[in-house]
Amino acid sequence: MRLPVEKRINVTVQSVVGEWHEVPLLMRNFPDDPLAIRMDFHVTENEPPVATWVFGRDLLATGLILPSGEGDVRVRPHGEDETDVELISGWAWCVVRMASADVRDFVVRTRSAEVYCGEEIDTALDRMLTELLPAGVKNADS
């Protein structure tokens, strides 16, 4: 059984009122959902997360290089050494600023996990399509 890819880092979060706070963050990527990442925000490392955001790993990877995303998650470079993740929920929003080197390390490690489980992804997609499509539908090549 493969374990999730995890990285604990300290980030700074800008609140709606413009104040910046340093908080611990746990980024995770699970083998059963290799295309998504989870960001768990903690008040202290020993307590459960106060908030969790789940979004596409490719959004985070692209945001290291150029602004990406629309809707409730946007990622963009901030200077040469930092990356901003903007999270929007209703009328509330925050900006999470983290070291780009930490984000890059995490993304590289999750890409390695995706390659490892690529065959499992293909098998799961085939199984899902078989379950969704009516038995009488034939392959376009037939």
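Cut-offs applied
- Residues numbered from 1 in each chain as written.
- Predicted model: local features only at pLDDT ≥ 70, side-chain atom pairs only at ≥ 80, totals over all residues.
- Heavy atoms only, no water.
- Core = buried A, V, L, I, M, F, W, Y, C linked by side-chain atoms within 4.5 Å.
- Buried < 20%, exposed > 50% of the residue type's maximum accessible area, 1.4 Å probe, protein only.
- Helix = DSSP H or I, 4+ residues; strand = E, 2+ residues; numbered from the N terminus.
- Contact = heavy atoms within 4.5 Å.
- Pairing = 2+ DSSP bridges.
- Axes fitted to C-alpha atoms, helices over the stretch in contact; angles between N-to-C directions.
- pLDDT = per-residue confidence, 0-100.
- Salt bridge = Lys/Arg side-chain N within 4 Å of Asp/Glu carboxyl O.

Trainee: For this particular structure, what's the right way to read the nonpolar core?
Mentor: The tendency in soluble globular proteins is for nonpolar side chains to be buried as a group. Counting 26 residues, the largest nonpolar core has Met 39, Phe 41, Phe 55, Leu 60, Val 85, Val 96 and Met 98 as the members making the most contacts within it. For this core, the leading source of residues is strand β1 (residues 5-14), giving four residues. Apart from residues no more than four positions distant in its own chain, Val 85 is found in contact with Phe 55, Leu 60, Val 73, Arg 74, Val 75, Cys 94, Val 95, Val 96 and Met 98.

Trainee: Help me understand the sheet that holds strand β6 (residues 82-89), please; the structure alone is not making it clear to me.
Mentor: Overall, antiparallel pairing links the seven strands, which are arranged β4-β3-β2-β1-β7-β6-β5 in an open sheet. The open sheet has two edge strands with one neighbour each: β4 (51-56) and β5 (73-78). For this sheet, the mean angle separating the axes of adjacent strands, direction not counted, is 30 degrees. In the sheet, β5 pairs with β6 via six bridges, with the strands oriented antiparallel. From the neighbouring strand, Arg 74 faces β6, where its bridge partner is Glu 86.

Trainee: What is the right way to read the confidence of the model for the protein chain from this model?
Mentor: As a note on interpretation, predicted positions should not be read in detail where pLDDT is low. In the predicted model, the protein chain carries a mean pLDDT of 86, and the fraction of residues at 70 or more is 85%. The lowest-confidence element of the protein chain is helix α3 (residues 118-132), averaging 72 in pLDDT; the highest-confidence one is β5, averaging 97.

Trainee: Could you clarify how one ought to interpret the pattern of salt bridges in this entry?
Mentor: Charged atoms that come close allow side chains of opposite charge to pair. By the definition in use, this model includes seven salt bridges. One salt bridge in this structure joins Asp 40 and Arg 28, with 2.5 Å as the shortest N-O distance. Residue Asp 40 is located in strand β3 (residues 36-41), and its partner Arg 28 is located in strand β2 (residues 20-29); the two are separated by 12 residues in the primary sequence. Residue classification places Arg 28 among the buried residues on the basis of a relative accessible area of 17%. The partner of Arg 97 in a salt bridge is Asp 84, with the nearest N and O atoms 2.7 Å apart. With Arg 97 in strand β7 (residues 92-99) and Asp 84 in strand β6, this residue pair connects regions lying 13 residues apart in the sequence. Salt bridges here are not isolated pairs; linked through shared partners, they connect Lys 7, Asp 102, Asp 105 and Arg 109.

Trainee: Mind showing me how you'd approach the pairing of β7 here?
Mentor: Regular strands have side chains that alternate between both faces of the sheet. Two elements, β1 and β7, share three bridges in a ladder whose sense is antiparallel. Bridged to Gln 14 within β7 is Val 95. Where β6 folds back on β7, the antiparallel hairpin that results is connected by two residues, among which Gly 90 adopts a positive phi of roughly 65 degrees.

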